[in-house]
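# Breakdown of the fold
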Amino acid sequence: MRINVSEEGSEEVIWFKERFLSDDEIIEHVVHNPSSTLCWTIHRPKRGWYIRIRAPSFAPGVFIPLIPVPRASLQYADAALSFSSRTSLPSIPEPEPDRPSISSVHSYPPTPPALVVQPPSPKSVQAKLEEIPKNRPPRLGQPATQVTQFVLTPHSTQVAQPTSNSFFARALSVLKNNRPSHSNSFTLSRVPTAALLSPPPSYTSNLTPVSPTEISRLSTPRVAPPVLVFHDQTPILTVRSLTGLIEIERTEEQLLGVETSFWVAVALTYLEFLEEREVSCSA
């Protein structure tokens, strides 16, 4: 079974996913079609349940697991899955005239930013050398990254009842509404790190105090705008086939600093999870 991913309005395949079987696992390859480069592998057991995503560059035994969202989580929804991965660390540039410019490079794991440095004058070099302690070697800068949590959540939209009383219109409505999730559409969003509430300034001491429950609610991390949205466009009477549109928010993608193939691999993985869950629920 092969799934192709193309640019909207084009028949040129950019990525494709195909399945292989090993002794113990179902392994799927996400391949960049123009270069025939293996980008990601998706691993599931023949017996039991887990979903693991790996890149060929990962060390043995290293993977990104997709796990069910606990019911106690604020991001819980039926069939929602979560995962964590290393992304770029967003930072606010400081207005320093002599600071070297930085251009971001998107890959996974996020690569160190490329630095463009103007050659310094001899006097400035001497000044910098005097600032370095003689008993400690200078430390090389590390790329600013962090572990970010993401959540995959299905859509569940109820289909409006038909205005026509014809048998076909009523039958089509029943077919649509009897599907377990009505659609395989879903979103992929990051979970922002909870911001700590700072104490109120002194001039607000006479205001009504905030209860601990309210503080907990205000400090709750909210799901950020989706990095990716999948729109299920499969006709309702289609059998064993699926058509849809993957929409990626480029601003959010650039903020995270992870290459597009990763989001495509996650989307195809979750889409297959929803399809198999729908089949098992209807069986």
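Structure report, in brief.

Here is what the cut-offs are and how they apply
- Residues numbered from 1 in each chain as written.
- Predicted model: local features only at pLDDT ≥ 70, side-chain atom pairs only at ≥ 80, totals over all residues.
- Heavy atoms only, no water.
- Helix = DSSP H or I, 4+ residues; strand = E, 2+ residues; numbered from the N terminus.
- Buried < 20%, exposed > 50% of the residue type's maximum accessible area, 1.4 Å probe, protein only.
- Contact = heavy atoms within 4.5 Å.
- Areas by Shrake-Rupley, 256 points an atom, 1.4 Å probe, with all protein chains shown as cover.
- Core = buried A, V, L, I, M, F, W, Y, C linked by side-chain atoms within 4.5 Å.
- Pairing = 2+ DSSP bridges.
- Axes fitted to C-alpha atoms, helices over the stretch in contact; angles between N-to-C directions.
- Patch = residues over 30% accessible without salt bridge, like charges linked within 9 Å, V, L, I, M, F, W, Y side chains within 5 Å.
- Salt bridge = Lys/Arg side-chain N within 4 Å of Asp/Glu carboxyl O.
- Lys, Arg positive; Asp, Glu negative; His and termini not counted.
- Charge placed at Lys NZ, Arg CZ, Asp CG, Glu CD.
- Polar contact = N/O pair within 3.5 Å; in protein donor to acceptor, adjacent residues only side chain to side chain.

Before going further, it helps to spend a moment on the overall build of the chain. Counting its regular elements, the chain contains five helices and 13 strands. A buried classification covers 32% of the 283 residues belonging to the chain. A fraction of 54% describes how many contacts in the chain between residues 6 or more apart in sequence connect residues 24 or more apart. Surface exposure of the chain reaches about 19000 Å², of which carbon and sulfur atoms provide 57%.

For the rest of this paragraph, the subject is the nonpolar core. Ranked by internal contacts, the top residues of the largest apolar core, which has 37 residues, are Trp40, Phe83, Leu152, Phe186, Leu188 and Trp263. The element best represented in this core is helix 5 (residues 260-282), accounting for 11 residues. Apart from residues no more than four positions distant in its own chain, Trp263 is found in contact with Phe83, Phe150, Leu188, Val227, Leu228, Ile248, Glu253, Leu256 and Val258.

An order of 1-2-3-4-5-6-7-10-11-12-13 is seen for the 11 strands of this open sheet, with the pairing classed as antiparallel. Each end of this open sheet is capped by a strand with a single partner; those strands are strand 1 (2-6) and strand 13 (244-248). The mean angle between the axes of side-by-side strands here comes to 20°, regardless of whether they run parallel or antiparallel. Pairing between strand 3 (residues 25-32) and strand 4 (residues 37-45): eight bridges, direction antiparallel. Opposite Glu28, over in strand 4, you have Ile42 as the bridge partner.

Judged by side-chain charge, Glu7, Glu8, Glu12, Glu247 and Glu249 come together as a negatively charged surface patch. Relative to the helices and strands, Glu8 resides in the loop between strand 1 and strand 2 (13-21).

Let us now look at the side chain of Glu25. Among the structural elements, Glu25 can be located in strand 3. Buried charge without a salt bridge: Glu25, with Arg52 as the nearest opposite-charge side chain at an N-O distance of 4.9 Å. There is a polar contact of 3.0 Å between the side chain of Glu25 and the side chain of His43. Within polar-contact distance, the side chain of Glu25 engages the side chain of Tyr50 at 2.5 Å. The contact partners of Glu25, leaving out residues within four places of it in the chain, are Phe20, His43, Arg44, Pro45, Lys46 and Tyr50.

With that out of the way, let us pick up unusual backbone geometry. It is generally the case that most residues other than glycine have a negative phi and that most peptide bonds are trans. The residue Ser36 is not glycine, and still its phi comes out positive at about 55°. Mapped onto the elements, Ser36 comes out in the loop between strand 3 and strand 4. The backbone of Ala79 shows a phi angle near 75°, a positive value even though the residue is not glycine. Position of Ala79 among the secondary structure elements: in the loop between strand 6 (64-68) and strand 7 (81-88).

The next point concerns the side chain of Glu252. Following the sequence through the fold, Glu252 ends up in helix 4 (residues 250-256). Note on Glu252: relative accessible area 8%, which makes it buried.

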